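# Inside the fold
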Amino acid sequence: METITKILNGSGIAQTIRARLKTQIARGPKKPGLAVILVGQDPASKIYVDFKTKASREVGMYLETYHFEENIKEKKLLKLIDKLNKNKKIHGILVQLPLPSHIEDLSVLQRVDPRKDVDGFHPENVGLLAMGYPRFISATPKGIMHLLDHTNIDLVGKEVVVIGASNIVGKPLVQLLLDEEATVTVCHEKTQNLKVHTEHADIIIVAAGVPKLLTADMVKKGVVVIDVGINKVDGAVVGDVDFEKVKERASYITPVPGGVGPMTVAMLLENTWEAMCAIEGYRPSVI
Ligand code: GUN
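The protein has the name Bifunctional protein FolD in an unreviewed UniProt entry. For the record of the protein, the UniProt heading Pathway (unreviewed entry) holds the text "One-carbon metabolism; tetrahydrofolate interconversion." Checking UniProt for the protein, the heading Subunit (unreviewed entry) contains the comment "Homodimer."

Set out below in structure tokens:
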């Protein structure tokens, strides 16, 4: 039987979520407040932060942005986080990663009040997720689970291969997939033969940052492919998947751009909305 590939339209799904949030925020008791901290001049980080701030303004959030020089002292950053933790207008605090090497990620991430940790990077929130009691789920893994939900494929017992084991995507994603009773294999930079793992997989999620890492000969017909990669090749943005060829074998596939990226932004907004509800003791009606 011929496989008819469906392109998972992250932009469209994200737009629906943002429209719902905009309505909820307009009806809510208080504007959710988000503080975004960016350190240094990393071009990719600047672009991500631009997307996040633009989207949060658009849904009606209160926003504070902080952009520091690369050489900022860790102490100064921690002091700002202390202030934001106490600020009643702020419900979510996001520190864009990566941070420069003289700053220790862990010191910064664990300084954020865990109830304002809308990225889900605080050790308390990482632990809650690992135990199956998530408070804040990191935006990219949460967005991927939403996209999988849109395929209407039951994850129970399915063979899922995750390529990439980062704290931001791969590791939290494994927890979420296990909670859905999928059979999860994690591959990473040191995996010797990727194809051995990918060729039998029902679902493959690639977050490696390597253009065309996943090629058509590595996947079975009917596979679901989620591409988390954002790479620049000859001035164009491409993912980690050889999209045109893998598309011919997949039942569902996400494009880059327009797949996972917009979902990440929408999930950050949703987390900030949820943080506001929890902190202000507000129970929204379902819409
Ligand atoms: N860097 C890459 N992805 C992310 C993310 O989801 N949140 C933050 N804070 N930094 C990132």
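### Regarding the site of the ligand
Neighbouring the ligand are Lys52, Leu94, Val95, Gln96, Leu97, Asp119, Phe121 and Ile168. One of the side-chain N or O atoms of glutamine 96 is found 3.2 Å from a nitrogen atom in the ligand. A total of 280 Å² of accessible area belongs to the ligand in isolation, and the protein chains cover 86% of it. Taken together, the residues of the shell around the ligand break down into five nonpolar, one polar and two charged.

### Re the pattern of salt bridges
Under the counting rule described, the total for this entry stands at eleven salt bridges. In this structure, the salt-bridge partner of glutamate 270 is lysine 142, at a minimum N-O distance of 3.0 Å. A residue pair is termed long-range when its members are at least 10 positions apart, and glutamate 270 in helix 10 (residues 260-280) and lysine 142 in helix 6 (residues 139-150) qualify at 128 residues. For aspartate 217, the salt bridge identified is with lysine 195, shortest N-O distance 3.8 Å. Of this pair, aspartate 217 sits in the loop between strand 7 (203-206) and strand 8 (223-227) while lysine 195 is found in helix 8 (residues 194-198), placing the two residues 22 residues apart along the sequence.

Cut-off values and rules
Residues numbered from 1 in each chain as written. Predicted model: local features only at pLDDT ≥ 70, side-chain atom pairs only at ≥ 80, totals over all residues. Heavy atoms only, no water. UniProt positions renumbered as here; feature names shortened; annotations may be inferred. Near = heavy atom within 4 Å. Polar contact = N/O pair within 3.5 Å; in protein donor to acceptor, adjacent residues only side chain to side chain. Areas by Shrake-Rupley, 256 points an atom, 1.4 Å probe, with all protein chains shown as cover. Nonpolar A, V, L, I, M, F, W, Y, C, P; charged D, E, K, R; others polar. Salt bridge = Lys/Arg side-chain N within 4 Å of Asp/Glu carboxyl O. Helix = DSSP H or I, 4+ residues; strand = E, 2+ residues; numbered from the N terminus.

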